[in-house]
Amino acid sequence: MRLRRLVTGALSSVALLLTSAGAVTVSAGEAAATPCGFYETHSDAYYNHCTSDGSHIVIEIDDWGPNSERCVGPGVTWIGSASGIDGAWYTGRTC
């Protein structure tokens, strides 16, 4: 009886460990696909405002000529062609 309890406990621990590792791997893969903040693909530039409060923020966009500002909501916003955008960042203001 004692051996059965020990084996059952060990198997449960291993199952929990494997399940947790799988959850971390999926979350990391999703985060890498659309990181928070500025990111670009081969052809397009995006800003991902990662929030759970529904806020809209002002970002500054480093594009050709003087930098521009844009109000973005939660989630991913296309901000232009990757060839014309050098970066974008949060200005510290909401809109």
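For the structure, check the block above.
Calculation notes
- Residues numbered from 1 in each chain as written.
- Predicted model: local features only at pLDDT ≥ 70, side-chain atom pairs only at ≥ 80, totals over all residues.
- Heavy atoms only, no water.
- Disulfide = S-S within 2.5 Å.
- Helix = DSSP H or I, 4+ residues; strand = E, 2+ residues; numbered from the N terminus.
- Buried < 20%, exposed > 50% of the residue type's maximum accessible area, 1.4 Å probe, protein only.
- Phe/Tyr/Trp six-rings, centres within 6.5 Å; stacked < 30°, edge-to-face > 60°.
- Contact = heavy atoms within 4.5 Å.

## Section: the state of the cysteines
As used in these notes, a disulfide is a covalent bond between sulfur atoms, one from each of two cysteines.
Then, in step 1: The final tally for this structure, using the stated rule, is 2 disulfides.
Then, in step 2: In this model Cys 36 forms its disulfide with Cys 50; the gap between the sulfur atoms is 2.0 Å. Note on the Cys 36 and Cys 50 pair: the S-S dihedral is about -105 degrees, so by sign convention the disulfide is left-handed. In this pair, Cys 36 sits in the loop between α1 (2-33) and β1 (37-40) while Cys 50 sits in the loop between β2 (44-49) and β3 (57-63), placing the two residues 14 residues apart along the sequence.
Then, in step 3: Classification of Cys 36 as exposed rests on a relative accessible area of 54%.
Then, in step 4: Listing the disulfide partners of the protein by sequence rank of the bonded cysteines yields 1-2, 3-4.

## Let's talk about the packing of aromatic side chains
Then, in step 1: Per the stated rule, a full pass over the model turns up 1 aromatic pair.
Then, in step 2: Consider the rings of Tyr 39 and Tyr 46, whose centres lie 5.4 Å apart with planes at 20 degrees: the pair is stacked.
Then, in step 3: The exposure class of Tyr 39 is buried, given its relative accessible area of 13%.

## Some details on the environment of Ile 57
Then, in step 1: Within the secondary structure layout, Ile 57 lies in strand β3.
Then, in step 2: Here Ile 57 falls in the buried class, since its relative accessible area comes to 4%.
Then, in step 3: Each C-alpha atom of the pair Ile 57 and Thr 91 lies 7.9 Å from the other, and the pair is 34 residues apart in sequence.
Then, in step 4: Look past the residues within four positions of Ile 57 in its chain and what remains in contact with it is Tyr 47, His 49, Arg 70, Cys 71, Val 72, Tyr 90, Arg 93, Thr 94 and Cys 95.

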